[in-house]
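Overview (structure and organization)
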Amino acid sequence: MTAEPLSAPEACEETEPTPLRMRRTMGSFASGVTVVTGLGRDGVPAGFACQSFASVSLEPALVLFCADHRGRAWPRIREAGRFAVNVLAEEQTDLCGRFGSGKGRKYEGLEWEVSRWGTPSLPGVLTRVHADVHDVHGAGDHDVVLGRVLALETVSEGRPMLFFRGGFGIGGPAAPAPPGPWGWGDLWG
């Protein structure tokens, strides 16, 4: 059997990378959802929902995430120098909505604990990565944060929350963003 030559792609839309077009195009890349948490130097917890999280190196153990440097939570976490990445389970849309919004008090009415590394641990997540801020690189309206991993925690088994084309999941119609007091919008870290 011989391979057929690749034909020219069907007409596709090419546009300048405006913020709206970037959001729509990059939304085609399914990503896991996390909540990055930390305690400010004043002991007040901070956190934000984050899709841009990845492993960087096994030796030394490094991870990265991107955070909007205009947000309220990331500057407090950066100043503290330590954070936890809480990997959300498929059904945790409530936590995603709560920490993905700039509205409301994110920890109000939420049961959480301070880990032995001094970071907020959220309930029912799949895993947690505890890390120190190792390096920060400014990149447009975000910071690329490298973290030196201190410890890894497996909390529960289950399926991860995936974000795809503006909703949750990829196996059928995407679940819409949750309504309610926490809002939604484009305030993810």
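Use the structure listed above.
Since the model is a prediction, treat every value here as computed from it, not as a measurement.

Parameters and conventions
- Residues numbered from 1 in each chain as written.
- Predicted model: local features only at pLDDT ≥ 70, side-chain atom pairs only at ≥ 80, totals over all residues.
- Heavy atoms only, no water.
- Phe/Tyr/Trp six-rings, centres within 6.5 Å; stacked < 30°, edge-to-face > 60°.
- Helix = DSSP H or I, 4+ residues; strand = E, 2+ residues; numbered from the N terminus.
- Buried < 20%, exposed > 50% of the residue type's maximum accessible area, 1.4 Å probe, protein only.
- Core = buried A, V, L, I, M, F, W, Y, C linked by side-chain atoms within 4.5 Å.
- Contact = heavy atoms within 4.5 Å.
- Pairing = 2+ DSSP bridges.
- Axes fitted to C-alpha atoms, helices over the stretch in contact; angles between N-to-C directions.

Points about the packing of aromatic side chains
For the structure shown, the criterion picks out 5 aromatic pairs. Seen from their ring centres, Phe 48 and Phe 65 are 5.9 Å apart, and the 55° between their planes marks the pair as tilted. Of this pair, Phe 48 sits in strand E3 (residues 45-50) while Phe 65 is found in strand E5 (residues 62-68), placing the two residues 17 residues apart along the sequence. Here Phe 48 falls in the buried class, since its relative accessible area comes to 5%. When its relative accessible area of 0% is taken as the criterion, Phe 65 is described as buried. Pairwise contacts between aromatic rings join Phe 48, Phe 65, Trp 74 and Phe 83 into one cluster.

Notes on the nonpolar core
Counting residues in each nonpolar core, the largest one holds 17 residues, and the members touching the most others are Val 36, Phe 48, Phe 65, Trp 74, Ile 77, Phe 83 and Val 145. For this core, the elements supplying multiple residues, two or more each, are E3, E5, helix H2 (73-80), strand E6 (82-87), strand E9 (127-139) and strand E10 (142-154). Those residues within four positions of Phe 65 in sequence are excluded, and the remaining contacts are Val 36, Phe 48, Cys 50, Ser 52, Phe 53, Trp 74, Phe 83, Asp 143, Val 144 and Val 145. Listed in part, the 14 residues of the second largest apolar core include Phe 99, Leu 110, Val 125 and Phe 168.

Comments concerning the sheet that holds E3
With antiparallel pairing, the 7 strands of this open sheet are ordered in space as E3-E2-E6-E9-E10-E5-E4. Taken across any chain shown, the strands that pair with only one partner, and hence form the sheet edges, are E3 and strand E4 (53-57). Between one strand axis and the next, the sheet turns by 35° as a mean value, whatever way the strands run. Its contacts with the sheet place H2 against strand E2 (34-39), E3, E5, E6, E9 and E10, and it is angled at close to 120° to E3.

A look at the pairing of E9
With 6 bridges joining them, E6 and E9 adopt antiparallel strand pairing. Within the sheet, the bridge partner assigned to Asn 86 lies in E9 and is Arg 128. Bridge analysis of E9 against E10 gives 12 bridges, and the strand direction is antiparallel. When the bridges of E10 are listed, Gly 138 appears paired with Asp 143.

These figures capture arrangement, not role.
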